[in-house]
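If you want the building blocks of each chain, they are given just below.
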Amino acid sequence: MVRCGGGRRVLLVGFLVLAPAYVGFALAQAPTGRGAAAQQPRVYANMLQVMRGVLYPASNVIFTAQSDDPAAFKPATRPSTSSDPFTSAYGGWEAVENSGLALAEAANLLVIPRACGNGKPAPIQNADWQMWVQELRDAGVAAYKAGQAKDQDVILEAADAVATACLHCHTKYRNVPGGIPNRC
Ligand code: HEC
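In this report, we go over the structure that sits alongside the text. Everything numeric in this text was worked out from a predicted model, so none of it was measured.

To continue, consider the site of the ligand. Neighbouring residues of the ligand: 21 residues in total, closest Met51, Gly117, Cys166, Cys169 and His170. The backbone of Leu48 places a nitrogen or oxygen atom 3.5 Å from an oxygen atom of the ligand. Note that an oxygen atom of the ligand is positioned 2.9 Å from one of the side-chain N or O atoms of Arg52. The pocket occupied by the ligand, as judged from atoms lying within 2 Å of grid points, is the largest pocket. Elements with a contribution of two residues or more to the shell around the ligand: helix 2 (47–67), helix 4 (127–149) and helix 5 (152–173). Across the shell around the ligand, the residue classes break down as 15 nonpolar, 3 polar and 3 charged.

What follows is the structure in structure tokens.
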């Protein structure tokens, strides 16, 4: 009995000490609670790094789907850790869908102020830059729809639209004499 009563007292003291701490913790976790700063986009990569890290791998999935039937890929031995989207847990035509969406979303990264690889600010305010960003968005959505349709003819058209969007912007801003120091 004594031990039992003592146990209860410890529990009560524990509750009194921990309850306010718990309430404070819960408030701190509240997403819109006072003191929680609203998240803003933050930049970590220059334009060259965004191209290599985000646009390049996503577009390669779409380009591959032109020649290799996405439905013919066999899932990897461990799909959940496969580094090839086609053989991953979200493989086949779903990989095409996801890569189309990735490109459409990546277009947003091209209108956030950031430097080019040479340190100059990227010309995101230029009318032609904006036009080609829109072209990339549209092409990404077209690839997404081709993935949904699971149709090799539709993906041929969508992949062509993606390649054209890349090419248009690169012709002016990337493919310049002297390379990286003179780009953007
Ligand atoms: C709105 C303009 C724009 C669009 C659209 C665009 N790019 Fe780029 N891309 C650039 C610029 C500018 C550079 C050079 C960046 C630098 O040097 O800082 C570049 C560079 C690259 C590079 C790096 C080349 C190197 O020297 O290593 C790759 C890869 C690339 N782009 C892939 C793509 C692909 C794939 C697409 C289409 C899915 C695409 N880009 C669409 C503007 C664009």
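Before going further, it helps to spend a moment on the coordination of the iron atom of the ligand. For the iron atom of the ligand, every protein donor is listed as Met51 (SD) and His170 (NE2), and the spread of their distances is 2.0 to 2.3 Å. Because the angles between the 6 donor atoms bound to the iron atom of the ligand fall within 86 to 177°, the donor set is best described as octahedral. Here Met51, found in helix 2, pairs with His170, found in helix 5; they are 119 residues apart in sequence, far enough to count as distant.

Our next topic: the side chain of Thr87. Among the structural elements, Thr87 can be located in the loop between helix 2 and helix 3 (93–109). Residue classification places Thr87 among the buried residues on the basis of a relative accessible area of 13%. Only 2.7 Å separates the side chain of Thr87 from the side chain of Ser82, close enough to count as a polar contact.

Cut-offs used in this document
Residues numbered from 1 in each chain as written. Predicted model: local features only at pLDDT ≥ 70, side-chain atom pairs only at ≥ 80, totals over all residues. Heavy atoms only, no water. Near = heavy atom within 4 Å. Polar contact = N/O pair within 3.5 Å; in protein donor to acceptor, adjacent residues only side chain to side chain. 1 Å grid on protein atoms, 1.4 Å probe; cavity = no way out; pocket = protein on both sides within 12 Å on 5 of 7 lines; lining within 4 Å. Sits in = over half its atoms within 2 Å of the grid points. Helix = DSSP H or I, 4+ residues; strand = E, 2+ residues; numbered from the N terminus. Nonpolar A, V, L, I, M, F, W, Y, C, P; charged D, E, K, R; others polar. Donors = N, O, S within 2.8 Å, 3.2 Å for Na, K, Ca; no water. Tetrahedral: all angles 85-135°; square planar, octahedral: opposite > 155°, others 65-115°. Buried < 20%, exposed > 50% of the residue type's maximum accessible area, 1.4 Å probe, protein only.

Function cannot be read off these values alone, since they describe shape.
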